[in-house]
Amino acid sequence: MEAGGAPARDRHVAVAPTMINIGYGNLVTVARVVAIVSPSSSPMRRLREEAGRRGKLVDATEGRRTRSIVVTDSDHVILSAITPETIATRLAPDFDGESGE
């Protein structure tokens, strides 16, 4: 109990979320990233169109060509002008681009 008889509250220290640069100063919280995919396939084009219809599309390309699509756990679809390999390397510095299959 604190002074005055009020119960002590849990004191939580705010921890800054880990952010990753997806190009041109745009940042995404690492913990929210579910997938980083190439935009060239038809299913990815449909994903992009559907996200636009739902109001969940974020264009972070600054007018440049879309080279990757970042999907988040909140179903947001983020377009980036950075390649998927570059973003993956920023997420996990030991990533080499090979799946190991």
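Model, not experiment: these values are computed from the prediction.

> Help me understand the sheet that holds strand β5 (residues 68-72), please; the structure alone is not making it clear to me.
Sheets are built from strands that pair by backbone hydrogen bonding, the pairs being arranged parallel or antiparallel. The strand order β3-β5-β6-β4 describes an open sheet built from 4 strands, whose pairing is mixed. Only two strands of the sheet have a single partner each, and these edge strands are β3 (33-37) and β4 (57-59). In this sheet, neighbouring strand axes are inclined to one another by 20° on average, regardless of whether the strands run parallel or antiparallel.

> Sorry if this is basic, but what is going on with the pattern of salt bridges here?
Think of it this way: side chains of opposite charge can pair up when their charged atoms draw near. For the structure on display, the rule yields 3 salt bridges. Between glutamate 50 and arginine 53 there is a salt bridge, with the nearest N and O atoms lying 3.0 Å from each other. One end of the pair, glutamate 50, and the other, arginine 53, are both in helix α1 (residues 42-54), 3 residues apart, so they sit about a helical turn from each other. We classify glutamate 50 as partly exposed; its relative accessible area is 32%.

> Help me understand the environment of threonine 29, please; the structure alone is not making it clear to me.
Its location among the elements puts threonine 29 in strand β2 (residues 26-29). What makes threonine 29 partly exposed here is its relative accessible area of 23%. In the structure, threonine 29 is positioned 13 residues away from alanine 16 in sequence and 9.9 Å away in space, judged by C-alpha atoms. Sequence-distant contacts of threonine 29, defined by excluding residues within four places in its chain, comprise Pro17, Thr18 and Met19.

> Which parts of the structure should I look at to understand the environment of arginine 45?
One can find arginine 45 in helix α1. With relative accessibility at 45%, the residue arginine 45 sits in the partly exposed group. The spacing of arginine 45 and isoleucine 69 is 24 residues in sequence and 9.7 Å in space, taken between C-alpha atoms. Sequence-distant contacts of arginine 45, that is, excluding residues within four places in its chain, are made with Pro39 and Ser40. A distance of 2.7 Å separates a polar side-chain atom of arginine 45 from the backbone oxygen of serine 40.

> Whenever I open this one, the side chain of serine 80 confuses me. Can you help?
Tracing the backbone through its elements, the reader meets serine 80 in strand β6 (residues 77-80). Within the structure, the side chain of serine 80 is placed 2.5 Å from the backbone oxygen of isoleucine 22, a separation counted as a polar contact. Look past the residues within four positions of serine 80 in its chain and what remains in contact with it is Ile22, Thr61, Arg65, Thr66, Arg67, Ser68 and Ile87.

Quick notes on the rules
- Residues numbered from 1 in each chain as written.
- Predicted model: local features only at pLDDT ≥ 70, side-chain atom pairs only at ≥ 80, totals over all residues.
- Heavy atoms only, no water.
- Pairing = 2+ DSSP bridges.
- Helix = DSSP H or I, 4+ residues; strand = E, 2+ residues; numbered from the N terminus.
- Axes fitted to C-alpha atoms, helices over the stretch in contact; angles between N-to-C directions.
- Salt bridge = Lys/Arg side-chain N within 4 Å of Asp/Glu carboxyl O.
- Buried < 20%, exposed > 50% of the residue type's maximum accessible area, 1.4 Å probe, protein only.
- Contact = heavy atoms within 4.5 Å.
- Polar contact = N/O pair within 3.5 Å; in protein donor to acceptor, adjacent residues only side chain to side chain.

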